[in-house]
Amino acid sequence: YLLWPVKAFSPFDARADAEALRKAMKGMGTDEETILKVLTSRNNAQRQEIAAAFKTLFGRDLVDDLKSELTGKFETLMVSLMRPAYIFDAHALKHAIKGAGTNEKVLTEILASRSPAEIRNIKQVYLQEYEANLEDKITGETSGHFQRMLVVLLQANRDPDSGVDESLVEQDAQVLFRAGELKWGTDEEKFITILGTRSISHLRRVFDKYMTISGFQIEETIDRETSGDLEKLLLAVVKCIRSVPAYFAETLYYSMKGAGTDDDTLIRIMVSRSEIDLLDIRQEFRKNFAKSLHHMIQKDTSGDYRKALLLLCGGDDE
């Protein structure tokens with residue numbers, strides 16, 4: 001098991017860190033270097049302690065101060081790092097379904113990649129923090145088969161991983177084949193039920209069996225047979241069943257590839273996975289894209305924002 005890049009800092013002194021941050025933001029000009037070094041080298045639990053010490057010592061809110069002293073993407077990244085880990089996903093979902101237009105990309109990324117236990121936790125936190133039911137909010141903003149698949153994932157009732165029954169594997173693979181490649185039009189519901197409820201180990205076998213029966217990867221069929229938000233969601237679910245770190249490596253790659261950078265996605269993944277599986281993501285990135293995550297961040301970003309992202313990333317796997 002790999003250790004993650006952002007580990008608990010030792011020896012840790014929340015008051016000393018709070019004082020360093022206050023000094024960095026007091027008076028004329030801001031010392032961004034100190035801010036980024038402190039916040040990227042402490043883990044989330046320690047950052048919460050620093051915020052508490054900051055309020056105790058100065059009667060000031062650290063996040064409010066960061067917002068008033070910093071700007072742009074660097075500000076977004078530092079404020080994201082300060083968000084308590086348990087609320088991070090709920091907050092991202094809240095903002096994805098707030099106001100005009102829904103950010104389907106965020107709904108897809110979070111709900112496809114989190115475990116049933118994590119999804120149950122997100123729903124609970126959402127209710128506590130925002131006094132609203134996450135499922136109601138999401139169904140109010142989405143429609144069609146995309147909505148149905150999200151609702152299935154929100155139930156967090158995926159079968160637990162236990163022994164795989166080969167006859168059921170064969171059956172599911174045949175059902176998917178008949179619902180997609182063999183059918184005029186597509187029976188999306190079959191894809192939703194099977195991909196949304198079967199266990200991870202069962203589905204990995206189903207994908208192998210599907211390839212044997214049809215001659216296609218399941219991803220190719222989804223690509224051909226579905227479209228729009230549903231297609232993106234089903235593909236994300238399949239990729240996460242195969243490997244969550246590989247899914248995030250690919251999502252990071254495409255957030256930076258080509259013209260312009262999808263900074264919201266880059267920040268969200270770097271922050272939310274920094275203490276979970278960022279080293280695994282880095283390995284998958286290196287393996288699948290023949291360059292390191294570190295290298296791509298370096299090429300694609302600049303300034304204090306780049307410095308902070310590179311510190312979060314940790315080593316370079318060139």
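Residues numbered from 1 in each chain as written. Predicted model: local features only at pLDDT ≥ 70, side-chain atom pairs only at ≥ 80, totals over all residues. Heavy atoms only, no water.

Peer 1: Help me understand the overall build of the chain in this model?
Peer 2: When helices and strands are tallied, the chain shows 20 helices and 0 strands. Expressed as lengths along the three principal axes of its C-alpha atoms, the size of the chain is roughly 70 × 45 × 40 Å. When contacts within the chain are restricted to residue pairs at least 6 apart in sequence, those whose partners lie at least 24 apart make up 71%. Carbon together with sulfur atoms contributes 49% to the accessible area of the chain, which is approximately 15000 Å² in total. Both charge centroids of the chain, one from 43 positive and one from 51 negative side chains, sit 2 Å from each other. (Helix = DSSP H or I, 4+ residues; strand = E, 2+ residues; numbered from the N terminus. Contact = heavy atoms within 4.5 Å. Areas by Shrake-Rupley, 256 points an atom, 1.4 Å probe, with all protein chains shown as cover. Lys, Arg positive; Asp, Glu negative; His and termini not counted. Charge placed at Lys NZ, Arg CZ, Asp CG, Glu CD.)

Peer 1: Can you help me understand the packing of aromatic side chains in this one?
Peer 2: Within a pair of aromatic rings, the relevant descriptors are the distance that separates the centres and the angle that separates the planes. Considering all chains together, one arrives at 8 aromatic pairs under this definition. Ring geometry for Y253 against F285: centres 6.0 Å apart, planes inclined by 65 degrees, an arrangement best described as edge-to-face. You can see Y253 sitting in helix α16 (residues 244–256) and its partner F285 sitting in helix α18 (residues 278–289), a full 32 residues away along the chain. Within the aromatic cluster, the residues linked to one another by ring pairs are Y253, Y254, F285 and F289. Note that R224 overlies the ring of F216, its terminal NZ or CZ placed 4.3 Å from the centroid. (Phe/Tyr/Trp six-rings, centres within 6.5 Å; stacked < 30°, edge-to-face > 60°. Lys NZ or Arg CZ within 6 Å of the ring centre and 35° of its normal.)

Peer 1: Teacher, can you tell me more about the packing of helix α5 (residues 72–82) against helix α20 (residues 303–313) here?
Peer 2: Two numbers describe a pair of packed helices, the interaxial angle and the distance between the axes. Two numbers describe how α5 lies on α20: the axes approach to 8 Å, and their chain directions differ by 35 degrees. As for how α5 packs across α20, the hand of that crossing is left-handed. Taken together, the residues of α20 that come into contact with α5 (itself represented by K73, F74, L77, M78 and L81) are D304, Y305, A308, L309 and L312. When grouped by side-chain class, the residues that make up the contact of α5 with α20 number 8 nonpolar, no polar and 2 charged. (Axes fitted to C-alpha atoms, helices over the stretch in contact; angles between N-to-C directions. Left-handed = near helix turned anticlockwise from the far one by under 90°. Nonpolar A, V, L, I, M, F, W, Y, C, P; charged D, E, K, R; others polar.)

Peer 1: Can you walk me through the nonpolar core in this structure?
Peer 2: Note on soluble globular proteins: their nonpolar side chains tend to be buried together. Membership of the largest hydrophobic core comes to 95 residues, with the highest contact counts inside it found for M78, L195 and M270. With 9 residues, the single largest contributor to this core is helix α15 (residues 228–242). Not counting the four nearest positions on each side in its chain, L195 is found in contact with M149, R158, L203, F207, I222, L234, V237, V238 and I241. (Core = buried A, V, L, I, M, F, W, Y, C linked by side-chain atoms within 4.5 Å. Buried < 20%, exposed > 50% of the residue type's maximum accessible area, 1.4 Å probe, protein only.)

Peer 1: Sorry if this is basic, but what is going on with the side chain of D263 here?
Peer 2: With respect to the secondary-structure elements, D263 resides in helix α17 (residues 263–272). If we ignore the near neighbours within four places in the chain, the residues touching D263 are K73 and Y305.

Peer 1: Even after reading the chapter, I still don't get the packing of α5 against α17, so can you show me in this structure?
Peer 2: At a minimum axis distance of 10 Å, the contact between α5 and α17 shows a crossing angle of 30 degrees. Classed by the angle they form, the pair α5 and α17 counts as roughly parallel. The chirality of how α5 crosses α17 is right-handed. Of α17, the residues touching α5 (which contributes K73, T76, L77, S80 and L81) are D263, I267 and V271. Taken together, the residues of the contact of α5 with α17 break down into 4 nonpolar, 2 polar and 2 charged. (Parallel < 35°, antiparallel > 145°, perpendicular 65-115°, else oblique.)

Peer 1: Is there a simple way to think about helix α7 (residues 104–113) in this case?
Peer 2: Note on helix geometry: an α-helix contains 3.6 residues per turn, so any two residues three or four positions apart are oriented the same way. Here α7 lies mainly inside the structure; 8 of its 10 residues are buried. For α7, the complete set of buried residues consists of V106, L107, T108, E109, I110, L111, A112 and S113.

Peer 1: I would appreciate a short explanation of unusual backbone geometry in the present structure.
Peer 2: Negative phi values dominate among residues other than glycine, just as trans dominates among peptide bonds. A cis amide bond links S10 to the next residue, P11, at an omega of -5 degrees. Structurally, P11 is set in the segment before α1 (14–25). Here A156, not a glycine, exhibits a phi torsion of approximately 55 degrees, which is positive. Checked against the element boundaries, A156 lands in the loop between α10 (144–154) and α11 (166–179). Exposure remark for A156: the relative accessible area of 4% places this residue in the buried category. At A290, a residue that is not glycine, the phi angle is positive and equals roughly 55 degrees.

Peer 1: Please explain helix α4 (residues 62–69) as it appears in this structure.
Peer 2: Buried within α4 we find L62, D65 and L66. Down the axis of α4, the smallest arc covering the buried residues is 100 degrees, so these residues share one side. Contacts from the buried residues of α4 go to α1, α2 (32–41), α3 (44–58) and α5. The N-cap residue of α4 is D61: its side-chain oxygen and the backbone nitrogen of V63 are 2.9 Å apart. (Arc of directions from axis to C-beta. Polar contact = N/O pair within 3.5 Å; in protein donor to acceptor, adjacent residues only side chain to side chain.)

Peer 1: I tried to follow the pattern of salt bridges on my own but got confused; where do I start?
Peer 2: A side chain with one charge can pair with a side chain of the opposite charge if their charged atoms come near. Going through the model one piece at a time under the given rule, you end up with 21 salt bridges. In this structure, the salt-bridge partner of E181 is R224, at a minimum N-O distance of 2.6 Å. Here R224 lies in helix α14 (residues 218–225) and E181 lies in the loop between α11 and α12 (188–197), a separation of 43 residues in the sequence. The exposure class assigned to R224 is partly exposed, which follows from its relative accessible area of 45%. Across the pair K307 and D304 runs a salt bridge whose closest N-O atoms are separated by 3.8 Å. Of the two residues, K307 and D304 both sit in helix α20, 3 residues apart, roughly one turn of that helix. Among the charged side chains, a salt-bridge network with shared partners connects E33, K37, D304 and K307. (Salt bridge = Lys/Arg side-chain N within 4 Å of Asp/Glu carboxyl O.)

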